[in-house]
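# Reading the structure
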Amino acid sequence: MSCALPSACLVEIRDELKPHVHGGKFFTSEDVGNLIRSLNTAIALAEEVEEEKRDLERRERLTGDRQRCLAVVGPNVVAFPGQAPTGGGRA
């Protein structure tokens, strides 16, 4: 089985099971072993997709709010001014 997406693996598994629906074909122990390996592959791929989704959601939660609150600083604005000049006047 060479599938890159869980859905592709599941389609292959379904297609392998179709001939058995009407009793025209019976499972051998080798068939069952192959089916289990195919299911394990689909499960592993689904777990990878789920982990990546969790990582993306976590990254969005951590950075999403900050990105919306950033201010645009123009050329005539000092973003982080140093100490105020003595006497309270302007520099």
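As the structure is a computational prediction, the values presented were derived from the model and not from experiment. (Residues numbered from 1 in each chain as written. Predicted model: local features only at pLDDT ≥ 70, side-chain atom pairs only at ≥ 80, totals over all residues. Heavy atoms only, no water.)

### Some details on the overall build of the protein
Formally: A helix here means a DSSP run of H or I that spans at least four residues, while a strand means a run of E at least two residues long, and both kinds are numbered starting from the N terminus. Burial classes: relative accessible area under 20% of the type maximum marks a residue as buried, over 50% as exposed, and values in between as partly exposed (1.4 Å probe, protein chains only). What makes two residues a contact is simply this: any of their non-hydrogen atoms within 4.5 Å. Each accessible area value is a Shrake-Rupley result obtained with a 1.4 Å probe; residue values ignore everything except the protein chains displayed when judging cover.
Broken down by element type, the protein carries two helices and zero strands. When burial is assessed residue by residue, the protein has 12% of its 91 residues classed as buried. Excluding contacts between residues fewer than 6 apart, the proportion of contacts in the protein whose partners are at least 24 apart in sequence is 50%. With the model as given, the accessible surface of the protein reaches about 8,000 Å², and the carbon-plus-sulfur share is 58%.

### Overview of a nonpolar patch on the surface
What counts is decided by this rule: Residues enter patches when their relative accessible area tops 30% and they take part in no salt bridge; the joining distance is 9 Å for like charges and 5 Å for the nonpolar side chains Val, Leu, Ile, Met, Phe, Trp and Tyr. Definition used for salt bridges: Asp or Glu carboxyl oxygen within 4 Å of a side-chain nitrogen of Lys or Arg.
Nonpolar side chains collect at one region of the surface, where Leu17, Phe27, Val32 and Ile36 lie side by side and expose about 320 Å² of accessible area between them. Structurally, valine 32 is set in helix α2 (residues 29-68). With relative accessibility at 36%, the residue valine 32 sits in the partly exposed group.

### What about the pattern of salt bridges?
Counted by the stated rule, this structure contains five salt bridges. With a shortest N-O distance of 2.6 Å, lysine 53 and glutamate 57 are connected by a salt bridge. In this pair, lysine 53 and glutamate 57 are both assigned in helix α2, four residues apart and thus about one turn of the helix distant. Through salt bridges that share partners, Arg14, Asp15 and Lys18 make up one connected network.

### Some points on a negative patch on the surface
Where we set the bar: Charged residues are defined here as Lys and Arg on the positive side and Asp and Glu on the negative side; His and the ends of the chain fall outside this count. Lys charges are placed at NZ, Arg charges at CZ, Asp charges at CG and Glu charges at CD.
Residues Glu47, Glu48, Glu50 and Glu52 make up a contiguous surface patch of negative charge. Examined against the element boundaries, glutamate 52 turns out to sit in helix α2. Judged by its relative accessible area of 51%, glutamate 52 falls in the exposed class.

### Quick word on the side chain of histidine 20
The topology assignment puts histidine 20 in the loop between α1 (6-17) and α2. Of the residues examined, histidine 20 reaches a relative accessible area of 14% and is grouped as buried.

Note that every value here comes from positions in space, so none of it alone points to a role or purpose.
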